[in-house]
Amino acid sequence: MTSIIHLFNNIPTTCISDVMNGLNNMHPAIKPLKEEHKFVGRALTVQIPVGDNLAVLRAIREAKTGDVIVIDAKGDQYRAIAGDFVVGMAQTLGVSAIVVDGVIRDIIGIKKLNFPVFSRGTAVAASGKTGVGEINIPISCGGTSVSPGDIIVGDADGVVVIPQSEAQNILEKSLDKLRKDELREENISRNIEAIKAYLDHMLSQ
């Protein structure tokens, strides 16, 4: 049986966002380091104070294969939550992506790993390790609520959060919208008369 995670992997974030009325998107500043990166997985949440990343290491150690580590770093853009060494460990242990409302560093090294990292950008300074922080609790990341086990989908357009209690319903609606979008593209986008009819219809409402 195909898993729900696998089925979401073939749906653009824009399509998923539309069926949730655009309400579960992370801040648009949180983007992939490499535009071609796409991921889907269940959230392993991390909450850290500004400038301390020990809880990130704890999350990597406890992550299951396929988990997405989602980090609330309070949007801080001065101290990086991880560099290529930490990201490389996460990749080797089977984490599918890292999403952080904050920044990373060692950008060249991370790009060489070809591993999905979504962040607000990069910084030079490292974080400390005093041990403050929690994992597997409800957090806010990029202005969006994330609970452990929620399905997280990211691609070039950004990151969406699918509450696990609504996942099946959102999947069905997303697949239906994707089919309609594909039909619209096929039947309208290269047909001058069909384009005019579509525009006239939309403008007459």
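This text goes with the structure placed above it.
This is a predicted model, so every value here is computed, not measured.

A. Focus on the overall build of the chain. The secondary structure content of the chain amounts to seven helices and twelve strands. Its C-alpha atoms give the chain a radius of gyration of 19 Å, within 12% of the compact-globule value 17 Å for 205 residues. By principal-axis analysis of the C-alpha atoms, the chain measures approximately 65 × 35 × 30 Å. The buried share of the chain, reckoned over its 205 residues, is 45%. For the chain, contacts bridging at least 24 residues in sequence account for 74% of all contacts bridging at least 6.

B. Main features of the packing of helix 6 (residues 167-188) against helix 7 (residues 192-203). The N-to-C vectors of helix 6 and helix 7 enclose an angle of 125 degrees; their axes lie 8 Å apart at closest approach. Compared by their axis directions, helix 6 and helix 7 come out oblique. The residues of helix 7 that touch helix 6, namely those facing Arg-184, Asn-187 and Ile-188, are Ala-194, Ile-195 and Tyr-198.

C. The arrangement of helix 6 in detail. For helix 6, built from 22 residues, the straight-helix expectation of 32 Å at 1.5 Å per residue is met to within 8% by its first-to-last C-alpha distance of 31 Å. Listed in full, the buried residues belonging to helix 6 are Ala-167, Ile-170, Leu-171, Ser-174 and Leu-178. Here the buried residues of helix 6 occupy an arc of 100 degrees about the axis, which is enough to place them on one side. Taken together, the buried residues of helix 6 touch helix 1 (4-8), helix 2 (13-19), strand 11 (151-155) and strand 12 (158-162).

Definitions and cut-offs
Residues numbered from 1 in each chain as written. Predicted model: local features only at pLDDT ≥ 70, side-chain atom pairs only at ≥ 80, totals over all residues. Heavy atoms only, no water. Helix = DSSP H or I, 4+ residues; strand = E, 2+ residues; numbered from the N terminus. Rg over C-alpha atoms; globule rule 2.2 N^0.38 Å. Buried < 20%, exposed > 50% of the residue type's maximum accessible area, 1.4 Å probe, protein only. Contact = heavy atoms within 4.5 Å. Axes fitted to C-alpha atoms, helices over the stretch in contact; angles between N-to-C directions. Parallel < 35°, antiparallel > 145°, perpendicular 65-115°, else oblique. Expected span 1.5 Å × (residues − 1). Arc of directions from axis to C-beta.

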